[in-house]
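# Residue-level structural notes
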Amino acid sequence: MRTFALVTILGCLSLLSITQVGCVDADYFVLDMLYPPSVCAISHCDDRMKKHLSNNFVAHSLIVISSSQQAEMRCPSPYGKYKGDSWGPTYKKTLNMYWPNLPNFSKRSQTWEDYGTCWLEWAQQYSQDEVSGAYTPPGFQEKYFDRGILLSNIANPMGALSATGSPVQLNAENDVTLIDAALQKKWGISRYHLFCQKYAGSDYLTRVRLCFDTRYNLINCNVMLKQDTRKACGQKITIPLFP
């Protein structure tokens with residue numbers, strides 16, 4: 001135990017000398033996912049964007065939460081600005097499918113600078129396997145997006161909503177209790193948050209937020225962040241599909 005503590009402290013001191021940022025003590029992570037059919041119904045998604053999208057939830061942000069600060073963490077980063085413009089066409093296509101820049105939501109570049117840098121600081125301190133191997137700066141940034149996409153695929157809200165035996169009707173209005181029943185059956189947790197926006201007189205499900213511990217297990221947690229303007233869903237929720 002003492003050896004582990006000493007290594008951690010030395011690692012943090014080393015990090016401080018390079019980044020001028022204290023140790024990132026993550027208690028858990030918040031995964032924020034968007035639902036493209038709802039977003040594109042409410043806001044315009046051009047045809048070039050739509051060709052990459054499907055009736056599945058996509059990653060929007062992976063946020064480090066620290067109980068000591070009672071807030072999401074934001075960290076100045078030694079890795080600088082978002083490097084996405086330098087990535088090859090194959091990886092860009094992957095991001096356009098699984099972490100797209102949807103209208104009226106923050107772009108990947110902003111998400112990286114707001115939240116990705118803290119995740120990377122944490123990974124370097126406590127999870128070296130996350131950032132080892134062929135990834136080198138600025139390639140470390142890809143690790144953040146890879147992790148968010150992986151967790152989104154694990155969570156897979158649409159898999160729960162469309163599963164055989166699910167009471168949820170897609171492309172229709174549903175009682176929120178039916179949606180909760182389907183999600184809780186898959187996830188085994190009861191604390192997460194559904195966000196909706198009004199469209200055509202109905203609450204359209206636009207995003208789902210849930211939490212993972214630092215070993216990436218789903219957990220119950222407080223998923224409301226300080227900057228949230230609460231857009232809670234009503235009793236009836238519409239889950240549209242692309243044509």
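Anyway, here's the lowdown on the structure attached to this text. (Residues numbered from 1 in each chain as written. Predicted model: local features only at pLDDT ≥ 70, side-chain atom pairs only at ≥ 80, totals over all residues. Heavy atoms only, no water.)

### Some words on the overall build of the chain
Rules: Only runs of H or I of at least four residues qualify as helices and only runs of E of at least two qualify as strands under DSSP, and these elements are numbered from the N terminus. Buried, partly exposed and exposed residues are distinguished by accessible area as a fraction of the type maximum, computed with a 1.4 Å probe on protein chains only: under 20%, between the cut-offs, and over 50%, respectively. Any two residues having at least one pair of non-hydrogen atoms within 4.5 Å are treated as being in contact. For the accessible areas, the method is Shrake-Rupley and the probe is 1.4 Å, while residue cover comes only from the protein chains on display.
Scanning the chain for helices and strands turns up eight helices and eight strands. The buried share of the chain, taken over its 243 residues, is 49%. Intrachain contacts of the chain at a sequence separation of at least 6 include 74% that bridge at least 24 residues. Split by element, the accessible area of the chain, about 12100 Å² in all, is 50% carbon and sulfur.

### A closer look at the nonpolar core
Nonpolar side chains tend toward joint burial in soluble globular proteins. This is how the line gets drawn: What is meant by a nonpolar core is a set of buried Ala, Val, Leu, Ile, Met, Phe, Trp, Tyr and Cys residues, joined one to another through side-chain atoms within 4.5 Å.
Core analysis: the largest hydrophobic core is formed by 56 residues, its most contacted members being W119, F145, L161, L194, L205 and L210. With seven residues, helix α5 (residues 108–126) is the single largest residue contributor to this core. Core analysis: the next-biggest nonpolar cluster, separate from the first, contains nine residues, V39, L102, F105 and F242 among them.

### What about helix α6 (residues 140–155)?
Which entries qualify depends on this criterion: For a helix, the expected span equals 1.5 Å multiplied by the number of residues minus one.
Spanning 16 residues, α6 covers 23 Å between terminal C-alpha atoms, matching the ideal 22 Å at 1.5 Å per step. Counting buried positions along α6 yields 12 of 16 residues, so the element is predominantly enclosed. Looking only at α6, the buried set comprises F140, Q141, E142, K143, Y144, F145, R147, G148, I149, L151, S152 and A155. N156 sits one or two positions beyond α6 and adopts a positive phi of about 45 degrees.

### Re the environment of S202
As a reminder of what qualifies: Whenever two N or O atoms come within 3.5 Å, that pair is a polar contact, provided that in protein one can donate a hydrogen and the other can accept it, and provided that, for residues adjacent in sequence, both atoms are side-chain atoms.
Tracing the backbone shows S202 in strand β6 (residues 202–212). Put simply, S202 and E173 are 29 residues apart on the chain and 8.0 Å apart in space, counted from C-alpha to C-alpha. In contact with S202, not counting residues within four places along its chain, are E173, Q197 and T238. Of the polar contacts made by the side chain of S202, one reaches the side chain of E173; its length is 3.2 Å. In this structure the side chain of S202 is engaged in a polar contact, spanning 2.6 Å, whose partner is the side chain of T238.

### Comments concerning the state of the cysteines
As a reminder of what qualifies: Only a pair of cysteine sulfur atoms within 2.5 Å counts as a disulfide in this structure description.
Counting across every chain of the model gives three disulfides. Note on cysteine connectivity: C196 is disulfide-linked to C233, with sulfurs 1.9 Å apart. As the torsion about the S-S bond is roughly 95 degrees, the C196-C233 disulfide counts as right-handed. Residue C196 is located in strand β5 (residues 193–199), and its partner C233 is located in the loop between β7 (218–219) and β8 (236–238); the two are separated by 37 residues in the primary sequence. The disulfide that involves C211 links it to C221, with 1.7 Å between the sulfurs. Since a negative S-S torsion denotes a left-handed disulfide, the C211-C221 link at about 70 degrees is right-handed.

### A closer look at the packing of helix α4 (residues 89–98) against α6
Heads up, the rule is: Fitted lines through C-alpha atoms serve as axes, helices being fitted only where they are in contact, and the angles separating the N-to-C directions of these axes extend from 0 to 180 degrees. For this classification, under 35 degrees means roughly parallel, over 145 means roughly antiparallel, 65 to 115 means roughly perpendicular, and everything else is oblique. Left-handed is the label given to a crossing in which the near helix is rotated counterclockwise from the far helix by less than a right angle, and right-handed is the label when the rotation is clockwise. Side-chain classes are defined by residue name, with Ala, Val, Leu, Ile, Met, Phe, Trp, Tyr, Cys and Pro counting as nonpolar, Asp, Glu, Lys and Arg as charged, and the others, Gly among them, as polar.
Running from N to C, α4 and α6 cross one another at 40 degrees; their axes reach a closest spacing of 11 Å. Judged by the inter-axis angle, α4 sits oblique to α6. Along this stretch, α4 crosses α6, giving a crossing that reads as left-handed. Along the contact surface, α4 presents Y91, T94, L95 and Y98, while α6 presents E142, F145, D146 and I149. Of the residues contributing to the contact of α4 with α6, the split by class is five nonpolar, one polar and two charged.

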